[in-house]
Amino acid sequence: MAGKLTMIVGPMYSGKTTELLSFVEIYKLGRKKFKVFKPAIDDRYGKSLVKTHTGLEVEAIAVEGSKDIVNLLEEKIDAVFIDEVQFFDKDLVRIVKQLIDSNVDVFCAGLDMTFKQNPFETTAALMAIADEVIKKKAVCEVCGEYKANLTYKVTEEEKEIDIGGKEKYIAVCRDCYNNLSKERIK
Ligand SMILES: Nc1ncnc2c1ncn2[C@@H]1O[C@H](COP(=O)(O)OP(=O)(O)OP(=O)(O)O)[C@@H](O)[C@H]1O
Ligand SMILES: Cc1cn([C@H]2C[C@H](O)[C@@H](CO)O2)c(=O)[nH]c1=O
Ligand SMILES: [Zn+2]
């Protein structure tokens with residue numbers, strides 16, 4: 001049977017990695033064969049772990065690009081898990097298609113948008129071909145409502161690729177995002 005692609009997307013702190021790891025647990029319990037990948041660029045938690053903000057973790061392989069995923073899948077496996085998928089090159093889309101066509105289930109977690117609300121291209125393309133898209137939200141760090149679907153950058157740095165945590169980014173709802181942006185120009 002063909003595999004399925006599940007995308008877990010949303011702003012920072014929305015529990016994307018937590019949800020990814022809950023799927024990993026299901027495959028572990030079922031004694032399935034799987035591999036977990038993350039981009040080498042995300043060095044926040046050390047190179048060989050995927051870790052949540054609450055400290056849950058699983059062993060992962062840090063790769064430079066999507067080609068490395070193919071090279072590391074020599075034996076037959078049931079599932080592939082990829083975290084921080086927004087940092088992968090677009091060629092990942094072709095590779096993921098090949099995997100699901102060859103009966104491998106694929107689960108990807110990642111940001112849908114940059115802090116400027118631009119789509120992350122690889123996430124967007126994978127969402128288009130996914131069997132299921134799980135869109136997560138966080139608690140807005142300004143108003144406290146559980147409706148944050150955006151990430152706001154609190155520093156002046158404009159770069160859209162910039163690794164970091166709470167010292168740089170907060171999760172906010174659209175109203176609070178717009179208010180914070182207005183205050184900034186004043
Ligand atoms: N504003 C927030 N809203 C919700 N959870 C938050 C918030 N700030 C911190 N957290 C914590 O973060 C946890 C989710 O962490 P997780 O690593 O799964 O998120 P994530 O979406 O993968 O984040 P990131 O995109 O930064 O990797 C929550 O269970 C909660 O304990
Ligand atoms: C929102 C956002 C996060 N990031 C980074 C911060 C974290 O290291 C990672 C999300 O977990 O992505 C960016 O590089 N650009 C962005 O626009
Ligand atoms: Zn808000």
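Named according to an unreviewed UniProt entry, the protein chain is Thymidine kinase originating from Pseudothermotoga thermarum DSM 5069. For the protein chain, the Subcellular location (unreviewed entry) comment in UniProt is given as "Cytoplasm". UniProt lists a comment for the protein chain under the heading Subunit (unreviewed entry), and it reads "Homotetramer."

K.L.:
Residues and numbers for the coordination of the zinc ion (ligand 3), please.
P.N.:
The protein atoms donating to the zinc ion (ligand 3) are Cys140 (SG), Cys143 (SG), Cys173 (SG) and Cys176 (SG), with metal-donor distances spanning 2.3 to 2.4 Å. Written as a sequence motif, the donor residues of the zinc ion (ligand 3) are C-x2-C-x29-C-x2-C. Remark: Cys173 occurs in the loop between β10 (169-172) and α5 (174-185) and Cys143 occurs in the loop between β8 (132-135) and β9 (150-153); sequence separation between them is 30 residues.

K.L.:
An account of the site of ligand 1 is requested, with residue identities and associated values reported.
P.N.:
The environment of ligand 1 is made up of 17 residues, and the closest members are Lys16, Thr17, Thr18, His53 and Lys166. A distance of 2.5 Å separates an oxygen atom of ligand 1 from a polar side-chain atom of Thr18. Lys166 places a side-chain nitrogen or oxygen 2.7 Å from a nitrogen atom of ligand 1. Burial of ligand 1 by the protein chains amounts to 79% of its free accessible area of 660 Å². Its residues assigned to classes, the shell around ligand 1 shows five nonpolar, seven polar and five charged.

K.L.:
Tell me about the environment of Leu5, residues and numbers included.
P.N.:
Mapped onto the fold, Leu5 is located in strand β1 (residues 5-10). On the basis of relative accessibility, which here comes to 0%, the residue Leu5 falls in the buried class. Taking the C-alpha atoms as reference points, Leu5 and Leu150, 145 residues apart in sequence, are found 24 Å from one another. Excluding residues within four positions of it along the chain, Leu5 makes contact with Val96, Ile100, Val106, Cys108, Leu126, Ile129, Ala130, Asp131 and Glu132.

K.L.:
Go over the pattern of salt bridges, please, and point to the residues and values.
P.N.:
Throughout the structure, instances matching the rule amount to 10 salt bridges. Lys136 is paired through a salt bridge with Glu19; the nearest N and O atoms lie 2.6 Å apart. Here Glu19 lies in helix α1 (residues 16-29) and Lys136 lies in the loop between β8 and β9, a separation of 117 residues in the sequence. Between Lys116 and Glu158 there is a salt bridge, with its nearest N and O atoms 3.2 Å apart. Separated by 42 residues along the polypeptide, Lys116 in the loop between β7 (105-111) and α4 (121-129) and Glu158 in the loop between β9 and β10 bring together distant segments of the chain. Taking the relative accessible area as the measure of exposure, Glu158 reaches 48% and is therefore partly exposed. Connected through salt bridges with shared partners, the residues Lys153, Asp162 and Lys168 form a single ionic network.

K.L.:
Before we move on, can you summarise the sheet that holds strand β2 (residues 34-39) with the specific residues and values?
P.N.:
Strand order in the open sheet formed by six strands is β5-β2-β6-β7-β1-β8, with parallel pairing between adjacent strands. With one partner strand each, in any of the chains shown, β5 (61-63) and β8 form the two edges of the open sheet. Adjacent strand axes in the sheet meet at a mean angle of 20°, parallel and antiparallel pairs treated alike. The pairing of β1 with β7 spans six bridges and is parallel. Residue pairing in the sheet places Ile8 in a bridge with Ala109 of β7. Sitting on the sheet, helix α3 (residues 92-101) touches β1, β6 (79-82) and β7, and the angle it makes with β7 is about 150°.

K.L.:
Can you lay out the nonpolar core for me, pointing to particular residues and giving the numbers?
P.N.:
Soluble, globular proteins show a tendency: their nonpolar side chains are buried together. Judged by nonpolar contacts, the single largest core of 24 residues is most densely connected at Leu5, Ile82 and Leu126. Listed by contribution, the elements that provide at least two residues to this core are β1, β6, α3, β7 and α4. Sorting elements by how many residues they give to this core places α3 first, with six residues. When residues no more than four places from it in sequence are discounted, the contact partners of Leu126 are Leu5, Met7, Val85, Leu92, Val93, Val96 and Cys108. Phe115, Leu150, Tyr152 and Tyr169 belong to the second-largest nonpolar core, a separate cluster that totals 18 residues.

The rules behind each value
- Residues numbered from 1 in each chain as written.
- Chains lettered and ligands numbered in written order.
- Predicted model: local features only at pLDDT ≥ 70, side-chain atom pairs only at ≥ 80, totals over all residues.
- Heavy atoms only, no water.
- UniProt positions renumbered as here; feature names shortened; annotations may be inferred.
- Donors = N, O, S within 2.8 Å, 3.2 Å for Na, K, Ca; no water.
- Helix = DSSP H or I, 4+ residues; strand = E, 2+ residues; numbered from the N terminus.
- Near = heavy atom within 4 Å.
- Polar contact = N/O pair within 3.5 Å; in protein donor to acceptor, adjacent residues only side chain to side chain.
- Areas by Shrake-Rupley, 256 points an atom, 1.4 Å probe, with all protein chains shown as cover.
- Nonpolar A, V, L, I, M, F, W, Y, C, P; charged D, E, K, R; others polar.
- Buried < 20%, exposed > 50% of the residue type's maximum accessible area, 1.4 Å probe, protein only.
- Contact = heavy atoms within 4.5 Å.
- Salt bridge = Lys/Arg side-chain N within 4 Å of Asp/Glu carboxyl O.
- Pairing = 2+ DSSP bridges.
- Axes fitted to C-alpha atoms, helices over the stretch in contact; angles between N-to-C directions.
- Core = buried A, V, L, I, M, F, W, Y, C linked by side-chain atoms within 4.5 Å.

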